[in-house]
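Listed below, chain by chain, are the residues.
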Amino acid sequence: MWRPQHLIAGLILLLVAGSACKTTLRPFQAGRDGKVLERTTEERVILRKPCRLYDAYIPDQTVHGDLVPERVIRVNYHILNSRDTSHRFLAEIATPYVRELTRQINIKLANNLPMSLPAATGTPVLPTRMRLEIAPIPQMPWDDGVYYHFDDDLFGYVHTGRNRNNSDMQVIRKYAIQPDSVLNIFIMPHHPDSVASPTYRATGTGIALGKAIKLAGLIRTGLPPSEFAGMTLHEIGHVLGLAHTWRYSDGCDDTPHHPNCFYPGEPPCDSLISNNVMDYNHWQQAWTPCQLGKAHRNLSRRTGTARSLLQRDWCTSLPGHDLVISEDETWEGEVDLYGDVEVMPGARLTIRCAVSFPAGSRLLVHSGATLVLDGGSLANDCGLSWQGIILECKGPRCGTVQITSDAEIRNATTLAGGQP
Ligand SMILES: [Zn+2]
């Protein structure tokens, strides 16, 4: 028989069940919420090693494209001339010329070619995910990133003979602009004293010197910028940490040795012709997965030699770049994110290296999901604040976080420190 007390009991049960299933969000506190993950020194060495290897930085090989995003490398140009302006490469010609050179380089970067060497047949052709942008000095509206210098002592380039100066840094030290954050490209005439020698070859040539490049032969040959895009890209490859491939080991298994033929010709140059960017050839337009992995590693790692040349577009969020983790994943490279991360129930996200979160973003760990911070660091790489780790709780059951003692969380508004 129905009685009023049955209704009361039922209401109480509903209230209890309702509060047990109530969903709340709360900031992660390492001391309260983090389960300590113990690692021996040996384990740490082994587990952190992939952060330094190129494999995790190969474009299109990661679960999410954003883990190896398109990188914008900032460049500027310096046009060297004698004080009498005898090398007729003045602003009305040179500025459009270097803009077109930049455009031609970007066309090559956007159109990676299959490797032409027979031994490299079948090598995957991946997007390079890199492009150049001319970078004037910020807050200087009149600056276009192309600079002119008239200097009788330093204008000339000499790549052979006793007056050889191609590796000399003086012109770079004197004229480089934003040298720590922009790739400075110097376009120089071959020195007339050397050109006067019948044995001197005043052809297109260049050299990479740290975060600067010196190029010569562009003016004298009179050829269009497209003819020098490969040569310039080759030197940029050196700046990105790549080595020549044809004779010695460059640390890549997918760049076979070959005779380094510039053009097709007599055997062995009838078939063994490379089109790889790091060889000497007419095309210089093919990048292997290993070369791309190495370049992106040096652009992505916080200690990467070329990272400072990047446009820092990861400081704040970009629409449409939130990541949803719905299956188990391990991030083994250093990453710059452009949005929030959400670890879904049943999924486990393991992070071993440095990850930058955009300002104001959050890493949400749902109830039933697991985040493993196995070393590495979570921070905004531009020194801005981000929300930090947020746990979803369903009643007493919250998202799980396991954290090693060497993992770090910085710049998070919800967390004072990251040590468990
Ligand atoms: Zn080279």
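What counts as what
- Residues numbered from 1 in each chain as written.
- Predicted model: local features only at pLDDT ≥ 70, side-chain atom pairs only at ≥ 80, totals over all residues.
- Heavy atoms only, no water.
- Domains from an automatic or database assignment.
- Contact = heavy atoms within 4.5 Å.
- Buried area = accessible area lost by both parts, 1.4 Å probe.
- Salt bridge = Lys/Arg side-chain N within 4 Å of Asp/Glu carboxyl O.
- Pairing = 2+ DSSP bridges.
- Helix = DSSP H or I, 4+ residues; strand = E, 2+ residues; numbered from the N terminus.
- Axes fitted to C-alpha atoms, helices over the stretch in contact; angles between N-to-C directions.
- Buried < 20%, exposed > 50% of the residue type's maximum accessible area, 1.4 Å probe, protein only.
- Patch = residues over 30% accessible without salt bridge, like charges linked within 9 Å, V, L, I, M, F, W, Y side chains within 5 Å.
- Areas by Shrake-Rupley, 256 points an atom, 1.4 Å probe, with all protein chains shown as cover.
- Phe/Tyr/Trp six-rings, centres within 6.5 Å; stacked < 30°, edge-to-face > 60°.
- Disulfide = S-S within 2.5 Å.

1. Digging into the domain arrangement of the protein
Okay, so step 1: Annotation of the protein at the domain level lists domain 1 (14-54 + 316-409) and domain 2 (70-300).
Okay, so step 2: Each of domain 1 and domain 2 has a C-alpha centre, and these two points are 41 Å apart.
Okay, so step 3: Counting residues at the interface gives six residues for domain 1 and seven residues for domain 2.
Okay, so step 4: Counting the surface lost from both domain 1 and domain 2, the interface buries some 570 Å², and carbon and sulfur atoms represent 43% of this.
Okay, so step 5: Interface area lost by domain 1 to domain 2 is led by Y54, E334 and D336, which between them contribute 77%.
Okay, so step 6: Remark: the boundary between domain 1 and domain 2 carries one salt bridge.

2. Side note on the sheet that holds strand β10 (residues 329-331)
Okay, so step 1: Strands sit in the order β2-β20-β16-β13-β10 across an open sheet of five strands; the sheet is parallel. In this open sheet, the two strands that pair with only one neighbour each are β2 (34-36) and β10. Direction aside, neighbouring strands of the sheet carry axes that sit 20° apart on average.
Okay, so step 2: Bridge count between strand β13 (residues 348-351) and strand β16 (residues 370-373): four bridges; the pairing is parallel. Bridge pairing in β16 places L349 opposite L371.

3. A short note on the pattern of salt bridges
Okay, so step 1: Overall, the coordinates contain 23 salt bridges when judged by the stated rule.
Okay, so step 2: Measuring nitrogen to oxygen at the nearest pair gives 3.2 Å for the salt bridge that ties R301 to E334. Note that R301 is positioned in the loop between α9 (289-300) and β9 (323-325) and E334 in the loop between β10 and β11 (335-336), a separation of 33 residues in sequence. In this structure, R301 and E334 share a single accessibility class: buried.
Okay, so step 3: A cluster of three or more residues bridged by salt bridges with shared partners is formed by R71, R301, R302, R307, R312, E334, D336 and D381.

4. Focus: the sheet that holds strand β14 (residues 354-356)
Okay, so step 1: Read from one edge of the open sheet, four strands run β11-β14-β17-β21, paired in parallel fashion. What marks the edges here is a single partner per strand, and that holds for β11 and β21 (408-409).

5. Some points on a nonpolar patch on the surface
Okay, so step 1: On the surface, a nonpolar cluster with roughly 330 Å² of combined accessible area is contributed by F262, Y263 and Y280.
Okay, so step 2: For Y280, the position within the fold is in the loop between α8 (229-239) and α9.
Okay, so step 3: For Y280, a relative accessible area of 40% gives the class partly exposed.

6. Remarks on the packing of aromatic side chains
Okay, so step 1: By the definition in use, this model includes two aromatic pairs.
Okay, so step 2: On the basis of an interplanar angle of 50° and a centroid distance of 4.8 Å, the ring pair of W246 and Y280 is categorised as tilted. Residue W246 is found in the loop between α8 and α9, and its partner Y280 is found in the loop between α8 and α9; the two are separated by 34 residues along the sequence.
Okay, so step 3: Pairing F357 with W386 gives two aromatic rings, centres 4.3 Å apart and planes at 10°, and the pair type is stacked.

7. Some points on the state of the cysteines
Okay, so step 1: According to the stated counting rule, one finds five disulfides in the structure shown.
Okay, so step 2: One disulfide bridge connects C252 with C290, the sulfur atoms lying 2.0 Å from each other. In this structure, the disulfide formed by C252 and C290 twists by about -75° around the S-S bond and is classed as left-handed. Taken together, the residues C252 in the loop between α8 and α9 and C290 in helix α9 connect sequence positions 38 residues apart.
Okay, so step 3: With a relative accessible area of 9%, C252 lands in the buried category.
Okay, so step 4: A relative accessible area of 2% means that C290 is categorised as buried.
Okay, so step 5: Between C315 and C382 runs a disulfide, and the two sulfur atoms are separated by 1.9 Å. Looking along the S-S bond of the C315-C382 disulfide, the torsion reads about -80°, which is the left-handed sense. Taken together, the residues C315 in the loop between α9 and β9 and C382 in the loop between β17 (377-379) and β18 (388-394) connect sequence positions 67 residues apart.

8. A few points about unusual backbone geometry
Okay, so step 1: The residue R129 is not glycine, and still its phi comes out positive at about 55°.
Okay, so step 2: Inspection of the secondary structure puts R129 in the loop between α4 (91-110) and β4 (130-134).
Okay, so step 3: At Q178, a residue that is not glycine, the phi angle is positive and equals roughly 50°.
Okay, so step 4: Along the chain, Q178 turns up in the loop between α5 (170-175) and β6 (183-188).
Okay, so step 5: Q178 sits in the partly exposed class, given a relative accessible area of 22%.

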